[in-house]
Amino acid sequence: MTQVLTPDRSIVLIGLMGVGKTTVGRRLSKALGLKFRDADEEVEKAAGRSVAEIFKDFGEAAFRDGERKVIARLLEEPPMVLALGGGAFVDPDTRAKVLNQAVSVWLKADVDTLMNRVSRRDTRPLLQDPNPRAVLERLLEARTPAYAEADIHVDASAGSHQTTLDTILQALQAREAKA
Ligand code: S3P
């Protein structure tokens, strides 16, 4: 697809763990000629520790504080594609900032798809549980009302990451055409 989009705001990807925010975000940033940032990685850089270590050493609340600050800083930078950790958009301050300052894209997937994808990497502290599926089910239900506030909703279950990317680009184009 020929790319004629020139976003004047950051594009922020939200959604549950395993949905493909980082992979799709990297490709989207290339397609749009924007830089890519992953909020978890930026928190890790700022803390000098992995997300798992931050949870273990300081607890989830400290991680959430760091996450909120890092995302607020990134939103002040020139437009980029930004992938958020799965819980970030649930924070009311972060959600309000993203909704005001960026274009938000919710990548949605069913729990089967998420289970399949998260099982490739086992470093996520919230999934260190005897029943990770039940955790994802609970988080999906609890977070859906917040995620649903995103500007664009994309079904990321069915196809490949490339299909998801194409759907996002079409939605962004439709949005730009309307503006
Ligand atoms: C979390 C998701 C993770 C990371 C942390 C907490 C969550 O990011 O921020 O482990 O609360 O859903 P990914 O969604 O990128 O895995």
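Reading the values: rules and limits
Residues numbered from 1 in each chain as written. Predicted model: local features only at pLDDT ≥ 70, side-chain atom pairs only at ≥ 80, totals over all residues. Heavy atoms only, no water. 1 Å grid on protein atoms, 1.4 Å probe; cavity = no way out; pocket = protein on both sides within 12 Å on 5 of 7 lines; lining within 4 Å. Points joined across faces, edges and corners; volume = space filled by probe spheres on them. Nonpolar A, V, L, I, M, F, W, Y, C, P; charged D, E, K, R; others polar. Near = heavy atom within 4 Å. Polar contact = N/O pair within 3.5 Å; in protein donor to acceptor, adjacent residues only side chain to side chain. Areas by Shrake-Rupley, 256 points an atom, 1.4 Å probe, with all protein chains shown as cover. Buried < 20%, exposed > 50% of the residue type's maximum accessible area, 1.4 Å probe, protein only. Helix = DSSP H or I, 4+ residues; strand = E, 2+ residues; numbered from the N terminus. Arc of directions from axis to C-beta. Contact = heavy atoms within 4.5 Å. Salt bridge = Lys/Arg side-chain N within 4 Å of Asp/Glu carboxyl O. Pairing = 2+ DSSP bridges. Axes fitted to C-alpha atoms, helices over the stretch in contact; angles between N-to-C directions. Lys, Arg positive; Asp, Glu negative; His and termini not counted.

Some points on empty space enclosed by the protein
The rolling of a water-molecule-sized probe over the atoms marks out the regions of remaining empty space.
So, step 1. Applying the stated rule across the entire model yields 1 cavity of 30 Å³ or more.
So, step 2. Roughly 40 Å³ of volume is contained in the largest cavity.
So, step 3. Lining the largest cavity are Arg64, Glu67, Arg68, Ile71, Gly87, Ala88, Asp91 and Thr94.
So, step 4. Class assignment of the residues belonging to the lining of the largest cavity gives a composition of 2 nonpolar, 2 polar and 4 charged.

Description of the site of the ligand
So, step 1. Residues in close proximity to the ligand total 13 residues, the closest being Lys21, Asp40, Arg64, Arg124 and Arg143.
So, step 2. Residue Gly87 places a main-chain N or O atom 3.4 Å away from an oxygen atom belonging to the ligand.
So, step 3. Contact distances for the ligand include 2.7 Å between an oxygen atom and a side-chain N or O atom of Arg124.
So, step 4. Computed on the free molecule, the ligand has an accessible area of 390 Å², of which 96% lies beneath the protein chains in the complex.
So, step 5. Of the residues that constitute the shell around the ligand, the class distribution is 5 nonpolar, 3 polar and 5 charged.

Let's talk about helix α5 (residues 92-101)
So, step 1. Burial in α5 covers these residues: Thr94, Arg95 and Val98. What you see down the axis of α5 is that its buried residues fit within an arc of 100°, all on one side. Exposed side of α5, more than 90 degrees from the buried face: Pro92 and Asn100 are the residues found there.
So, step 2. Next to the buried residues of α5 lie β1 (10-14), α4 (60-75), β4 (102-108) and α7 (132-147).
So, step 3. Measuring from the side-chain oxygen of the N-cap residue of α5 to the backbone nitrogen of Asp93 gives 3.1 Å; that N-cap residue is Asp91.

Notes on the pattern of salt bridges
So, step 1. Taken as a whole and assessed by the stated rule, the structure comprises 14 salt bridges.
So, step 2. Among the salt bridges present, the one from Glu67 reaches Arg64, with a minimum N-O distance of 2.9 Å. With Glu67 and Arg64 both in helix α4 and 3 residues apart, the pair spans about one turn of that helix. Taken individually, Glu67 and Arg64 each receive the classification buried, so the pair is uniform in this respect.

What to know about the sheet that holds strand β2 (residues 35-38)
So, step 1. Taking strand neighbours across the sheet as the criterion, the 5 strands line up as β2-β3-β1-β4-β5 in an open arrangement whose pairing is parallel. Taken across any chain shown, the strands that pair with only one partner, and hence form the sheet edges, are β2 and β5 (152-155). Averaged over neighbouring strand pairs, the angle between their axes works out to 20° when direction is ignored.
So, step 2. Here β1 pairs with strand β3 (residues 80-83) via 3 bridges, running parallel. By the bridge assignment, Leu13 is partnered in β3 with Ala83.
So, step 3. Helix α8 (residues 161-178) contacts β1, β4 and β5 of the sheet and is inclined by roughly 155° relative to β5.

Re the side chain of Lys21
So, step 1. Along the chain, the position of Lys21 falls in helix α1 (residues 21-32).
So, step 2. In this structure Lys21 is buried but unpaired, with Asp40 as the nearest side chain of opposite charge at 6.3 Å.
So, step 3. There is a polar contact of 2.8 Å between the side chain of Lys21 and the backbone oxygen of Gly15.
So, step 4. When sequence neighbours within four positions are dropped, the list of residues in contact with Lys21 reads Leu13, Ile14, Gly15, Leu16, Phe36, Ala83, Leu84, Gly85, Gly86 and Leu107.

Observations concerning the pairing of β4
So, step 1. Counting buried residues along β4, 6 of its 7 residues qualify, which places the element largely inside the surrounding structure.
So, step 2. Pairing geometry for β1 and β4, over 5 bridges, is parallel. Looking across to β4, one finds that Leu13 is bridged to Val105.

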